[in-house]
Amino acid sequence: MKPLGHLRLGVNIDHVATVRNARGSAYPDPIRAATVAEAAGADGITAHLREDRRHITDTDIEGLMAALTTPLNFEMAATDEMQKIALRHRPHAVCIVPEKREERTTEGGLEVAREENRLAGFIAPLREAGCRVSIFIAADARQIEAAARIGAQVIELHTGAYCDYHAEGHFAERDAELDRLREMAGFAHSLGLEVHAGHGLTYDTVGPVAAIPQVMELNIGHFLIGEAIFRGLGPAITEMRRVMDAARA
Ligand code: PXP
């Protein structure tokens, strides 16, 4: 099967804010990082406003909304506080992620199936406000079916287990996880969901995920911000784009 279309790269700038907050200084500035990422070919910027504000802050979200020329993908927990913030800013996309252990499946994605009614009610106003709602879940048919039923337009498949197995040298498990990601990307697409993927991706692991034809967007942060120490942020992103495009072709 040929890829369904252009594979977008969303650059997650959370960990620029992590470094800034380590000293309580004003730098490095995540908004500046977002601007550099856009210039280097990012198709969008991803930022996660955590309940404890451990990296991105409310002011950062305001700054991103004002400064970005590409869409903001606003990651947040399914709480009333975060819903209010999202409705105030109306970012292009909202990705619902688990924040607490109880909200998480064993594979790390959001437990949608157990919370269908609450989540359906939670995302309805976000959709009405024009946000494209995405749910961050493991490659699990039960969770994908639940995401479709609650009215999400997008699922983001959690690639953390696949990347961890690779890093630990457990290649049989890695390949089994990759097969699951491939199969579930196809299944989600068959239900009418747009498929994204992310978490833990590096130059070494991104290729096979970028090659999954139904995957339309990758969200990548931690590795790129780390790699920026050695190459600079723009070149780190350009190289990721190159590896993604090579695998997609
Ligand atoms: N996608 C989602 C939904 C995430 O929560 C994260 C991490 O914040 C990422 C992608 C990016 O993961 P990483 O920083 O490991 O590349």
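Note: the structure precedes this text.
Since this is a predicted model, take the numbers as computed values, not measurements. (Residues numbered from 1 in each chain as written. Predicted model: local features only at pLDDT ≥ 70, side-chain atom pairs only at ≥ 80, totals over all residues. Heavy atoms only, no water.)

Caption draft 1: Highlighting the pattern of salt bridges. This structure, assessed with the given rule, holds 20 salt bridges. Arg54 is the salt-bridge partner of Asp52, the closest N and O atoms lying 3.0 Å from each other. Accessibility expressed as a relative area gives 46% for Asp52, which makes it partly exposed. For the salt bridge of Glu111 with Arg114, the shortest nitrogen-to-oxygen distance reads 3.9 Å. Owing to a relative accessible area of 7%, Glu111 belongs among the buried residues under this scheme. Judged by relative accessible area, Arg114 falls into the exposed class, the value being 60%. (Salt bridge = Lys/Arg side-chain N within 4 Å of Asp/Glu carboxyl O. Buried < 20%, exposed > 50% of the residue type's maximum accessible area, 1.4 Å probe, protein only.)

Caption draft 2: Examining the packing of helix H4 (residues 80-89) against helix H5 (residues 116-128) more closely. Between H4 and H5, the least distance of the axes is 10 Å, while the angle of their chain directions is 15°. Between H4 and H5, the angle falls in the class roughly parallel. Relative to H5, the crossing made by H4 is right-handed. Of H5, the residues touching H4 (which contributes Asp80, Gln83, Ala86 and Leu87) are Gly121, Phe122, Pro125 and Leu126. (Axes fitted to C-alpha atoms, helices over the stretch in contact; angles between N-to-C directions. Helix = DSSP H or I, 4+ residues; strand = E, 2+ residues; numbered from the N terminus. Parallel < 35°, antiparallel > 145°, perpendicular 65-115°, else oblique. Left-handed = near helix turned anticlockwise from the far one by under 90°. Contact = heavy atoms within 4.5 Å.)

Caption draft 3: Structural context of the nonpolar core. Core analysis: the biggest nonpolar cluster contains 75 residues, and Ile45, Leu64, Phe74, Ile96, Ile135 and Leu218 have the highest contact counts within it. Ranked by the residues each element gives to this core, the list is headed by helix H11 (residues 233-248), at six residues. Sequence-distant contacts of Phe74, that is, excluding residues within four places in its chain, are made with Ala47, Leu49, Ile61, Met82, Ile85, Ala86, Pro91, Ala93, Val94 and Cys95. (Core = buried A, V, L, I, M, F, W, Y, C linked by side-chain atoms within 4.5 Å.)

Caption draft 4: Examining the sheet that holds strand E3 (residues 72-76) more closely. One closed barrel accounts for eight strands, arranged E1-E2-E3-E4-E5-E6-E7-E8; its pairing is parallel. Here the strands of the sheet are splayed against their neighbours by 25° on average, with no regard to which way each runs. When strand E1 (residues 8-12) meets strand E8 (residues 215-220), the two strands line up parallel, connected through four bridges. Across the sheet, residue Arg8 finds its bridge partner in E8, namely Glu217. Packed onto the sheet, helix H6 (residues 141-149) meets strand E5 (132-137) and strand E6 (154-158) and runs at close to 165° relative to E5. (Pairing = 2+ DSSP bridges.)

Caption draft 5: Representation of the pairing of strand E4 (residues 93-96). Neither face of E4 is exposed, since Ala93 and Cys95 on one face and Val94 and Ile96 on the opposite face are all buried. Looking at chain direction, E4 and E5 are connected through four bridges and run parallel. The residue bridging Ile96 from the neighbouring strand is Ile135, located in E5. Handedness of the crossover is the feature at issue here: the chain leaves E4, passes through H5, returns alongside E5, and the resulting connection is right-handed. (Right-handed = clockwise from strand over helix to strand, strands pointing away.)

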